Amino acid sequence: MTRKLFGTDGVRGTANIYPMTAEMALKIGAAAGRYFRRDGSAAHRVVIGKDTRLSGYMFENALTAGLASTGMNVLLLGPVPTPAVGMLTTSMRADVGVMISASHNPHHDNGIKFFGPDGFKLSDSAEAEIEALVMSDIEPAQAQNIGRAKRIDDGRFRYQERIKSSFDAGFGLNGLKVVIDCANGAAHRCAPEVLWELGAEVIPVGVSPDGTNINLNCGSTSTQTASETIVAHGADVGICLDGDADRVMILDETGQVADGDQIMALLAKSWKDQGKLANDTLVATVMSNLGLERYLDANGMRLERTGVGDRYVVEAMRKHGHNLGGEQSGHIVMTDYATTGDGLLAGLQFLAEMVRRDAKASELAKSFDPVPQLLKNVRYSVGQAPLDLEPVKAAIAQAEADLVGTGRLLIRKSGTEPLIRVMAECEDESLLNATVDGVVAAVETAVS
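Model, not experiment: these values are computed from the prediction. (Residues numbered from 1 in each chain as written. Predicted model: local features only at pLDDT ≥ 70, side-chain atom pairs only at ≥ 80, totals over all residues. Heavy atoms only, no water.)

**Q** I'd like a rundown of the sheet that holds strand β9 (residues 237–241), residues and numbers included.
**A** What the five strands build is an open sheet, ordered β8-β7-β9-β10-β11; its pairing is mixed. Both edges of this open sheet fall to β8 (201–205) and β11 (257–258), since each of them pairs with a single strand only. One ladder, built from five bridges, connects strand β7 (residues 177–181) with β8; its direction is parallel. Looking at β8, one finds that isoleucine 180 is bridged to proline 204. Its contacts with the sheet put helix α6 (residues 190–197) on β7, β8 and β9, and the angle it makes with β7 is roughly 165°. (Pairing = 2+ DSSP bridges. Helix = DSSP H or I, 4+ residues; strand = E, 2+ residues; numbered from the N terminus. Contact = heavy atoms within 4.5 Å. Axes fitted to C-alpha atoms, helices over the stretch in contact; angles between N-to-C directions.)

Structure, rendered in structure tokens:
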């Protein structure tokens, strides 16, 4: 079944423009309610979390109305990280969890992500069924079966306790000065509190959300402020989260950034040495650097690649029994502790390695030398299909031929924005630049 609403991570777009309108959110809520309340019994519930975007109020109310109209009882968590929704969906015995967030996107975007009763993101087939219901006439509940809504005030505290329990009880963060950048997003309260409770001296950044400053010059996609703060305060390490706190970048004491590939390399080697890495395998996407794959090979581990999107990583992990995976962009998934990417959890694991090894962040933040990688994005208009055009196909074929034996090329449509992503890796940087620029030029010409 072809999906039009759902992308690689739920439904996403600009607030008040289709599909991210209040009317559509109501329909999506009703469709999800009908999908998860198939047996018609009374005791069905859903948890809803959100980040700090202004439009979150609108979508929270619209989704609540849609869900309640089909008989779902709604538990409203308020601003919490995305992984908290996955966790609380299971701990509160809910049938479905909903997160209202556009993750790392700017404030004017928003999105709706679903978690099943097991706390994991929905499969493509489940999303396709919900989408089909959206496009049909949804049967409402009888008047006496309309759902109720209730605020849950301690959701983030439950999540904080779960996160702290992942940190070895024999360790503490006493003596560590930690910069935590919360991107003015969902973790602006819980992340600094967790670090403080574990003993760190906390220097918070991006903890004053106003509805429009989420991810603005802060967070995992804009680390300059955190880097400057580390240097200014003489901090030991920095943790940069994104707007919904499901991804992370680590900064060492000099302000240099370690991306998801470097974090995964560190954790994979540590877990393997401790006998904790299931099947000696790390799961990552096609975007992860070739240097990561070579590092794992050299240390007796294997890299299993998936399509782009943390839920595809999780699907492969569950299917084959692996327990560590993620994305270069900073989604780190540890299924021993969580059902989805969790930036704060990954940050704590990095801090645990610093404590366990009595090492500086800079000694742990670079496990391998990455192969030169270049990624460029080309924006296109909705309705255009530049990758189907012959001049673009010819440019891609030429680029692939140029890279044979020396690197690799990856061309894909973004699942969250109208972008064509052109990525290549090659030891020869001049060839790398020429290859990517050639494809980008062809796509730009096609969409102009």
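Having seen it, we continue.
**Q** Hey, could you go over the packing of aromatic side chains for me, with residue numbers and the actual values?
**A** A complete count under the given rule lists four aromatic pairs for this structure. For the ring pair tyrosine 295 and phenylalanine 368, a centre distance of 6.3 Å and an interplane angle of 35° mean the geometry is tilted. Highlighted residues: tyrosine 295 in helix α9 (residues 290–298) and phenylalanine 368 in the loop between α12 (361–364) and β16 (373–379), separated in sequence by 73 residues. You can call tyrosine 295 buried: its relative accessible area is 15%. Stacked on the ring of tyrosine 57, the Lys or Arg lysine 50 has its end atom at 3.9 Å from the ring centre. Here the guanidinium or amino end of arginine 318 rests over the ring plane of phenylalanine 120, the centre of that ring lying 3.7 Å away. (Phe/Tyr/Trp six-rings, centres within 6.5 Å; stacked < 30°, edge-to-face > 60°. Buried < 20%, exposed > 50% of the residue type's maximum accessible area, 1.4 Å probe, protein only. Lys NZ or Arg CZ within 6 Å of the ring centre and 35° of its normal.)

**Q** Could you give an account of the packing of helix α8 (residues 260–273) against α9, naming the residues involved and the relevant values?
**A** Axis separation between α8 and α9 bottoms out at 10 Å; the angle between their running directions is 10°. In terms of axis orientation, α8 runs roughly parallel to α9. Of α9, the residues touching α8 (which contributes Asp261, Met264, Ala265, Ala268 and Lys269) are Leu292, Tyr295 and Leu296. Across the contact of α8 with α9, the residue classes tally to six nonpolar, no polar and two charged. (Parallel < 35°, antiparallel > 145°, perpendicular 65-115°, else oblique. Nonpolar A, V, L, I, M, F, W, Y, C, P; charged D, E, K, R; others polar.)

**Q** Please give an account of the environment of serine 208 that cites residues and values.
**A** Its location among the elements puts serine 208 in the loop between β8 and α7 (224–233). Note on serine 208: relative accessible area 51%, which makes it exposed. It is 25 Å that separates the C-alpha atoms of serine 208 and glycine 86, two residues lying 122 residues apart in sequence. Look past the residues within four positions of serine 208 in its chain and what remains in contact with it is Asn184 and Asn213.

**Q** Can you explain the layout of surface pockets? Please cite residues and give values.
**A** Any space left empty among the atoms is revealed by the rolling of a water-sized probe across them. Estimated volume of the largest pocket: approximately 840 Å³. Lining the largest pocket are 27 residues, with Arg12, Val382, Thr416, Glu417 and Pro418 positioned closest to its centre. At four residues, the largest contribution of residues to the lining of the largest pocket is made by strand β1 (residues 11–14). Taken together, the residues of the lining of the largest pocket sort by class into nine nonpolar, 12 polar and six charged. Volume-wise, the second largest pocket comes out at about 570 Å³. Lining the second largest pocket we find 30 residues, and of these His104, Arg247, Ser329, Arg412 and Arg421 sit closest to its centre. Elements represented by at least two residues in the lining of the second largest pocket include exactly β16 and β18 (419–426). (1 Å grid on protein atoms, 1.4 Å probe; cavity = no way out; pocket = protein on both sides within 12 Å on 5 of 7 lines; lining within 4 Å. Points joined across faces, edges and corners; volume = space filled by probe spheres on them.)

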